[in-house]
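# A look at the structure
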Amino acid sequence: MDRTQTVTLTNMCMVYQDNRVLVLDKIDGQWNGITFPGGHVEKEESFADAVVREVYEETGLTISSPQLCGIKDWTEQDGSRYIVLLYKTNKFEGMLKASDEGEVYWMELEELSKMQLSIDFLDMLKVFLDDNLSEFYYYFQDGKWQKTLK
């Protein structure tokens, strides 16, 4: 049995300070709404370097000590796997600035549920915040997508 699989690797980072989190109001034709900064891991780039780079490109902040706190993953229709590495950190420096991805700003954590959030953001947030969770997994069963948090 072949155990290899084509994989797309991405990341997302919850930058926080006290009860505030840094959010990105993403403007994208397919995936809009409030989310955390992140993006694709480039070929031969370390995962940690990729999340530092992506946060800088989207926010102007240079983060340090990103802690891997979970993953979000699913299998695409072509059989490839899509993996989002979820990081968090409260160590950063620099000046906040928007990018082509959208506006960035600080929000109180408890205010997030009142906003127009990106798809499944609240489920991902559970993985960021709950040390007992480490995976948000989508799977296809009985003709529709199901999800589970583990």
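To be clear, the structure that these remarks concern was listed above.
These notes cover the structure that comes with them. These figures come from a predicted structure and were not determined experimentally. Along each chain, residue indices are assigned from 1 in the same order as the chain's sequence is written. pLDDT decides what is reported in this predicted model: residues at 70 or higher carry local features, side-chain atom pairs at 80 or more are listed and counted, and totals for whole chains, interfaces and linings draw on all residues regardless. The side-chain values count all of the structure's non-hydrogen atoms but skip hydrogen atoms and water molecules.

## Description of the environment of isoleucine 83
Relative to the assigned elements, isoleucine 83 resides in strand β7 (residues 81-89). Only protein chains enter the accessibility calculation, which uses a 1.4 Å probe; a residue is then buried when its area is under 20% of its type maximum, exposed when over 50%, and partly exposed in between. For isoleucine 83, a relative accessible area of 19% corresponds to the buried category. A C-alpha to C-alpha distance of 19 Å links isoleucine 83 and aspartate 28, two positions 55 residues apart in sequence. When sequence neighbours within four positions are dropped, the list of residues in contact with isoleucine 83 reads Val7, Thr8, Leu9, Thr10, Lys72 and Asp73. Only DSSP runs of H or I covering at least 4 residues are called helices, and only runs of E covering at least 2 are called strands; the numbering of each starts at the N terminus. Contact between two residues is taken to exist if any of their heavy atoms lie within 4.5 Å; hydrogens are not considered.

## A closer look at the nonpolar core
For our purposes a nonpolar core is just a set of buried Ala, Val, Leu, Ile, Met, Phe, Trp, Tyr and Cys residues, chained together by side-chain atoms within 4.5 Å. Judged by nonpolar contacts, the single largest core of 22 residues is most densely connected at Phe36, Leu86, Leu112 and Phe128. Every element with two or more residues in this core is listed here: β1 (7-17), β2 (20-26), β6 (67-75), β7, α2 (121-129) and β10 (135-141). Among the elements that line this core, the one with the most residues is α2, at 5 residues. Setting aside chain neighbours within four positions, we find leucine 86 in contact with Met12, Gln67, Leu68, Cys69, Gly70, Ile71, Lys72, Met124, Val127 and Phe128. Counting 12 residues, the second largest nonpolar core, distinct from the first, contains Val51, Val55, Leu61 and Val104.

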